[in-house]
Amino acid sequence: MTANGGALIAEVLVRHGVKFLFTLCGGHISPILVEAKRRGIRVIDTRHEATAVFAADAVARLTGVPGVAAVTAGPGVTNTLTALQNARMAESPLVLLGGATPTLLKGRGALQDIDQRAIVEPLVKKFFAVDRVRNLARAVEEAFRVARDGVPGPVFVECPVDVLYPRELVAEWYGGKPGGEGKGKKKELGKKVVEAFLRFHAWRLFAGAGRVQVGRPAAVEVPAPGGWALWRVARWVRKAQRPVLVLGSGALAEAGQAQELAAAVEALGVPVFLGGMARGLLGREHPLQLRHCRTEALKRADLVILAGFPIDFRLDYGRKIGAGAKLVTVGRDLTGLIQNRRPKLHEVADAGRFLVALAKRGARSARSAWLAELREKDAAREAKIDQQAAEVGELLNPVALCRQIEAALPEAGLLVADGGDFVATAAYTVRPRGPLTWLDPGAFGTLGVGAGFALGAKLVRPESEVWLLWGDGSSGYGLAEFDTFARHGLPILAVVGNDASWMQIARDQVEILGDAVGTELARTDYHTVAEGFGGRGFVVSAQADVPGVLAAARAALAEGKPVLINAHLGRSDFRKGSISM
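Report on the accompanying structure. Computed from a predicted structure; not experimentally measured.

**Let's talk about the sheet that holds strand β7 (residues 243-247)**
Within a beta sheet, neighbouring strands are joined by backbone hydrogen bonds and run either parallel or antiparallel to one another.
Now for step 1: A sheet is described by the order of its strands in space; here six strands give the open sequence β9-β8-β7-β10-β11-β12, paired in parallel fashion. Two strands close off the open sheet at either side, each with one partner strand: β9 (289-290) and β12 (345-348).
Now for step 2: Summarising the sheet, strand β8 (residues 272-274) and β9 pair through two bridges and their orientation is parallel. Within β9, the position partnered with V272 by the bridge is Q289.
Now for step 3: Helix α10 (residues 227-239) rests against β10 (303-307), β11 (326-331) and β12 of the sheet, and its axis sits at about 135 degrees to β12.

**Quick word on unusual backbone geometry**
Now for step 1: Backbone geometry places E91, a non-glycine residue, at a positive phi of 55 degrees.
Now for step 2: Relative to the helices and strands, E91 resides in the loop between α5 (81-89) and β4 (94-100).
Now for step 3: Even without being a glycine, D316 presents a positive backbone phi close to 55 degrees.
Now for step 4: Along the chain, D316 falls in the loop between β10 and β11.

**Brief notes about the sheet that holds strand β17 (residues 536-540)**
Now for step 1: Taken in spatial order, the six strands line up as β14-β13-β15-β16-β18-β17 in an open sheet, and their pairing is parallel. Because the sheet does not close on itself, it has two edges, and the strands there are β14 (438-439) and β17.
Now for step 2: Taken together, the six bridges between strand β13 (residues 413-418) and strand β15 (residues 465-471) define a ladder with parallel strand orientation. Paired with D418 across the two strands is W470, which belongs to β15.
Now for step 3: Contacts from helix α17 (residues 421-429) reach β13, β14, β15 and β16 (493-498) within the one sheet, and its direction differs from that of β15 by about 130 degrees.

**Here we look at the packing of aromatic side chains**
Now for step 1: One pass over the structure, following the stated rule, counts seven aromatic pairs.
Now for step 2: Consider the rings of F20 and F22, whose centres lie 6.5 Å apart with planes at 35 degrees: the pair is tilted. When sorted by exposure, F20 lands in the same class as F22, which is buried.
Now for step 3: Of the aromatic side chains, those joined through ring pairs into one cluster are W470, F482 and F485.
Now for step 4: Across from the ring centre of F313, 5.9 Å away, lies the NZ or CZ of R314, which sits over that ring.

Thresholds applied
Residues numbered from 1 in each chain as written. Predicted model: local features only at pLDDT ≥ 70, side-chain atom pairs only at ≥ 80, totals over all residues. Heavy atoms only, no water. Pairing = 2+ DSSP bridges. Helix = DSSP H or I, 4+ residues; strand = E, 2+ residues; numbered from the N terminus. Contact = heavy atoms within 4.5 Å. Axes fitted to C-alpha atoms, helices over the stretch in contact; angles between N-to-C directions. Phe/Tyr/Trp six-rings, centres within 6.5 Å; stacked < 30°, edge-to-face > 60°. Buried < 20%, exposed > 50% of the residue type's maximum accessible area, 1.4 Å probe, protein only. Lys NZ or Arg CZ within 6 Å of the ring centre and 35° of its normal.

Here it is in structure tokens:
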């Protein structure tokens, strides 16, 4: 192996099956990028470091292999903090490689030098600080293991610039070659000591680097379900009169298990609500899947199983579950299983594996009357939505637009959701086509994930049409990434719901406080901006024109162009009173 630290890292990435490295360039990390490219890894450079981490997050969610991003020191690292916390809360495994100032210059005012550990360590599973080239490969290998082990999450590896560049160059930086002022003259003792120390430090940085051998990916520990818990829950499922199953992103921690998990849920026969990454698990129209009236179902249920879904604000901190229900929580993170509401049984285990094992135990509900009751309520809610979609105004009815998107979305479509009011409306009306075809930020509720998620999704699923549903507010975080889409030849379709407002906030703020301050936007020509970055842009404000615009946008995708549809929305009360805290 070469003593180039960037080459050592690139070799580890190859051994771990990494196909994409997301980045925003910086001199601190250039060797990682160059050596990764030399080994066949596709380097995708973005316009913001957060986008790079969001893209790595999407790769991890869709493949189960930790996504990888590399960012430069200081502000490059701090720009990733929101994306790191979003991945941490979503239990998404990724490895972030961060540049750092030279090892001898830390704390001395070097370019972009800050205490990165103090800032980053609270947001990641583990922070690795490397100070010798020979330790680089071991740290990155361990980072991959930690990211996937137990509760998945992000890991950070700090890579000082002098452990990445070639040995000869680093030795020159530290005065390894004689020359300069004072050559041939008697030097002061202090200067000689300093120069000797610098040469020793340069030697120490690379000592043993030539003997490093990159190993195979390490096995990870996935919490397995216990037999006693499976036996009890199976018995409860068979006896329950009104069981309800709620699946969240945690049930899809092992992406390769999605089809087996779908079969297990079908075999259990329990009415199911799907959230987060679990959306689409059963396809569009499965009779067990319910989309509406979850609160009412949970209040009436006598057995509630939360699989990979924590008891947080989305369940009103447990208050939406009836007091008399047996509550079962399953997931990898103990805290999420017991916070806010004490369950009858909690099991620290992979939620997907638990449900597969439960189905194999013969657990099955046959309460057709209960399912029929819930489906009747679902149908009534759908009928009401149809009525709201039929309302006519001067601009687009957001509910009707989402219905039209639903009709046009192909079976090979993959949806990325990034926004407030418009995107939440889409969550009620647009149906993911299959397992792992829906990406949203997760419990952190982060705006700005869209461009990075769409980027990662299109690279992982080049055969899929990736549709990015953007609020006009959230689009501002990533609109510049249309440049990234265009430069890397990634045809992604973005639909911006443009109501000239941060509507999810404005609706309640105006009613409660009487002022729209801070929530008003302009009806910006987002389609023109996309064209300026090399994409195609469309604008639509009449309901009758939407099908034609969607068809034209899909035709542009087929030509290899990223596309943005600027959809001008009228006002709607569809989600009145839905603010979350």
